Amino acid sequence: MRHLPKYLSLEEQNQLLEMIREITSDAPLFIPTMPRWGTAFSVRMTNCGDYGWVADKSGYRYQSFHPDTKKPWPKIPTQLLDIWHDLVGEQWRAEACLINYYAPNAKMGLHQDNDEANFDAPVLSISLGDDCIFRLGGLKRSDPTQSFTLNSGDIILLEKESRLKFHGVDRIKPNTSMLLSKPGRLNLTMRVVN
Ligand SMILES: O=C(O)CCC(=O)C(=O)O
Ligand SMILES: [Mn+2]
């Protein structure tokens, strides 16, 4: 896994925040639920791009429209596509950008990103707002894991051998950043879907 600490300046982070506000006014955060049991995630989500990742009783999948409004997802803003191209190159086109919002008590269990058709393309993930404890494991759920802090403006890339590594967010460290107007964290995860 590639970790680029403080990749984004404060100005760039604020620009992204403004774009996220516009996206969420068109495509509001929704509450994803676990397949089968219907238990709610602690994270709130929305998306932009050709496809968005959703989770509900019927499963985990990508779809081209918001699960509540049924409207197509907003486009991925140019600034985000520029970051993608700077780090990933021109070979791949980002088709989906998942936006995760973590309130102070939210977390994300250990999982693989494997709902995409192709694992050759990297996954690019941006952290904004409060720090979090990120956990990275191996290719098997039972492999040893290590944890480290992600700060606002950090980018990580799951690529090559690390593309399918298990990962998750143990917890948020509230009030470690002043970027958002209230405690919490935003994560933007860009992926190639098809
Ligand atoms: O919030 C993060 O840093 C990770 C999010 C994530 O792994 C995902 O949405 O698949
Ligand atoms: Mn993930």
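Everything that follows concerns the structure shown earlier in this document.
Residues numbered from 1 in each chain as written. Chains lettered and ligands numbered in written order. Predicted model: local features only at pLDDT ≥ 70, side-chain atom pairs only at ≥ 80, totals over all residues. Heavy atoms only, no water.

Caption draft 1: Focus on the sheet that holds strand β9 (residues 146-150). Reading across from one edge, β6-β11-β8-β9 is the order of the four strands in this open sheet, with antiparallel pairing throughout. Of all strands in the sheet, those bounded by a partner on one side alone are β6 (108-111) and β9. Strand-to-strand, the axes of this sheet are offset by a mean angle of 25 degrees, without reference to chain direction. (Pairing = 2+ DSSP bridges. Helix = DSSP H or I, 4+ residues; strand = E, 2+ residues; numbered from the N terminus. Axes fitted to C-alpha atoms, helices over the stretch in contact; angles between N-to-C directions.)

Caption draft 2: Looking closely at the site of ligand 1. The full set of residues close to ligand 1 is Leu98, Asn100, Tyr102, Met108, His111, Asp113, Phe134, His167, Val169, Arg185, Asn187 and Arg191. Within the side chain of His111, an N or O atom sits 3.0 Å from an oxygen atom of ligand 1. Asn187 has a polar side-chain atom sitting 3.3 Å from an oxygen atom of ligand 1. With the chains in place, 96% of the 290 Å² that ligand 1 exposes on its own is no longer accessible. Grouping the constituent residues of the shell around ligand 1 by class yields five nonpolar, four polar and three charged. (Near = heavy atom within 4 Å. Polar contact = N/O pair within 3.5 Å; in protein donor to acceptor, adjacent residues only side chain to side chain. Areas by Shrake-Rupley, 256 points an atom, 1.4 Å probe, with all protein chains shown as cover. Nonpolar A, V, L, I, M, F, W, Y, C, P; charged D, E, K, R; others polar.)

Caption draft 3: The packing of aromatic side chains, seen in detail. Per the counting criterion, the structure on display carries four aromatic pairs. Their ring planes at 65 degrees and their centres at 6.4 Å tell us that Phe41 and Trp53 sit as a pair that is edge-to-face. One end of the pair, Phe41, is in the loop between α1 (10-26) and β2 (44-49); the other, Trp53, is in strand β3 (residues 52-56), and twelve residues separate them in sequence. With centroids separated by 5.3 Å and ring planes inclined at 25 degrees, the aromatic side chains of Trp53 and Tyr60 adopt a geometry described as stacked. Owing to a relative accessible area of 11%, Trp53 belongs among the buried residues under this scheme. A network of ring pairs unites the aromatic residues Phe41, Trp53 and Tyr60 as a single cluster. One residue, Arg185, lies across the ring of Tyr102, its end atom 5.1 Å from the ring centre. (Phe/Tyr/Trp six-rings, centres within 6.5 Å; stacked < 30°, edge-to-face > 60°. Buried < 20%, exposed > 50% of the residue type's maximum accessible area, 1.4 Å probe, protein only. Lys NZ or Arg CZ within 6 Å of the ring centre and 35° of its normal.)

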